[in-house]
Amino acid sequence: MRLVLLGPPGAGKGTQAVRLAEHFDSADVATGDIFREQVASGTPLGRIAKAYLDSGDLVPDQVVIAMVMERISEPDCANGFVLDGFPRTVAQAEALDRRLDAAGTPLDAALFFEIEERELFRRLAGRSAALHRSDDTEQTIRHRLEVFAQKTRPLVNYYERGGALVRIDAVGDVEEVTRRILEQLGQMAGPRAAQLPPSRATEGQGST
Ligand code: ADP
């Protein structure tokens, strides 16, 4: 299964990415986590990325694209991947499409996590206190939401045009959201839907 997760910071993409990757036996590729690791270990990539992360700005497209293209060529991505935090710009989405088209392995779906801004602030304030992420201050959160609205939101139309967009109501508890995603993916038209393994999360719940 090849999925990308789209949505504002705090929408729950990271949490669902882990669960979906496990469900589909695919690799979980979270660009924010990769950058934070690189910053922590002081690699050249980390030194480039640090200022962007701290301010809540996007790391430049060429840097991110090169990193992700390399990452998805690794063997653990052969069975599919869940991309959390990439693409975040139209240029990134185009680069991903070019790569996947060339390989004859298109995306199965782009999941768009829908959630209201008020709920996001509530969640991000909680995360800031719990995880001490340096970019979870109120000012940076505001900025990241603006960056999302400006740079990433256009991807909703981009994937809608391409027919891959699946809208997910991201409000609800973690298991409920996973169940919605698996149900929506199962309802997708096309040959790929048939390849879905039975959904553990919806077992015994008589999904409609
Ligand atoms: P969020 O909670 O805001 O979704 P992430 O953990 O996904 O945060 O990303 C944290 C930061 O890493 C971003 O604010 C940005 O600086 C950088 N980053 C992650 N993915 C990308 C990307 N695809 N393009 C540019 N910058 C990125």
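In the block above lies the structure referred to throughout.
Summary of the structure given here. Note that the coordinates shown come from a computational prediction; the quantities given were computed from them, not determined experimentally.

Regarding the site of the ligand
Logical step 1: Taken together, 20 residues sit near the ligand, with Thr31, Asp57, Gly85, Gln92 and Arg127 positioned nearest.
Logical step 2: Here a nitrogen atom of the ligand sits 2.8 Å away from a polar atom, N or O, in the main chain of glycine 85.
Logical step 3: Protein chains shield 96% of the accessible area of the ligand, which is 550 Å² for the free molecule.
Logical step 4: The set of elements that each furnish at least two residues to the shell around the ligand consists of α2 (31-40) and α3 (44-55).
Logical step 5: Element by element, the count of residues in the shell around the ligand is highest for α2, at four residues.

Overview of unusual backbone geometry
Logical step 1: Of note, the amide linkage connecting phenylalanine 86 to proline 87 takes the cis form, showing an omega dihedral of 0°.
Logical step 2: Following the sequence through the fold, proline 87 ends up in the loop between β3 (81-84) and α5 (90-103).
Logical step 3: Of note in the backbone geometry, aspartate 25 takes a positive phi value of approximately 55° without being a glycine.
Logical step 4: Within the fold, aspartate 25 resides in the loop between α1 (13-24) and β2 (27-30).

Let's talk about the nonpolar core
Logical step 1: Residues Val68, Ile72, Phe81, Leu83, Phe86, Leu96 and Tyr159 are the most contacted members of the largest nonpolar core, which totals 33 residues.
Logical step 2: The dominant element in this core, judged by the number of residues it contributes, is helix α4 (residues 61-71), at five residues.
Logical step 3: For phenylalanine 81, the residues in contact, after removing those within four places along its chain, are Met1, Arg2, Leu3, Ser26, Ala27, Ile72, Leu100 and Leu107.
Logical step 4: Ranked by size, the runner-up nonpolar core spans 25 residues in total, among them Leu5, Ala109, Val177 and Leu185.

Side note on helix α8 (residues 154-162)
Logical step 1: Taken residue by residue, α8 has Leu155, Val156, Tyr158 and Tyr159 as its buried positions. Buried residues of α8 fall within an arc of 165° about the axis and therefore sit on the same side.
Logical step 2: Elements that come into contact with the buried residues of α8 comprise β1 (2-6), α5, β4 (109-114), α7 (138-152) and β5 (165-169).
Logical step 3: Once α8 ends, the next one or two residues include glycine 163, with phi positive near 80°.

Examining the sheet that holds β1
In a beta sheet, neighbouring strands pair by backbone hydrogen bonds and run either parallel or antiparallel.
Logical step 1: Pairing within the open sheet is parallel, and its five strands lie in the order β2-β3-β1-β4-β5. Looking at the sheet topology across the chains shown, the edges are occupied by β2 and β5. Pairs of neighbouring strands in the sheet enclose a mean axial angle of 20°, with direction left out of account.
Logical step 2: As judged from the four bridges shared by β1 and β3, these two strands associate in the parallel manner. Within the sheet, the bridge partner assigned to leucine 3 lies in β3 and is valine 82.
Logical step 3: Its contacts with the sheet place helix α9 (residues 174-187) against β1, β4 and β5, and it is angled at close to 155° to β5.

Points about the environment of glutamine 62
Logical step 1: Relative to the assigned elements, glutamine 62 resides in helix α4.
Logical step 2: Along the backbone, glutamine 62 and glutamine 92 are 30 residues apart, and their C-alpha atoms lie at a distance of 8.5 Å.

Quick look at the pairing of β3
It is a general feature of regular strands that their side chains alternate between the two faces of the sheet.
Logical step 1: With burial as the criterion, each face of β3 is covered, one bearing Phe81 and Leu83 and the other bearing Val82 and Asp84.
Logical step 2: Relative to β3, β2 runs parallel, the two sharing four bridges. By the bridge assignment for β3, alanine 30 is matched with aspartate 84.

Here is what the cut-offs are and how they apply
- Residues numbered from 1 in each chain as written.
- Predicted model: local features only at pLDDT ≥ 70, side-chain atom pairs only at ≥ 80, totals over all residues.
- Heavy atoms only, no water.
- Near = heavy atom within 4 Å.
- Polar contact = N/O pair within 3.5 Å; in protein donor to acceptor, adjacent residues only side chain to side chain.
- Areas by Shrake-Rupley, 256 points an atom, 1.4 Å probe, with all protein chains shown as cover.
- Helix = DSSP H or I, 4+ residues; strand = E, 2+ residues; numbered from the N terminus.
- Core = buried A, V, L, I, M, F, W, Y, C linked by side-chain atoms within 4.5 Å.
- Buried < 20%, exposed > 50% of the residue type's maximum accessible area, 1.4 Å probe, protein only.
- Contact = heavy atoms within 4.5 Å.
- Arc of directions from axis to C-beta.
- Pairing = 2+ DSSP bridges.
- Axes fitted to C-alpha atoms, helices over the stretch in contact; angles between N-to-C directions.

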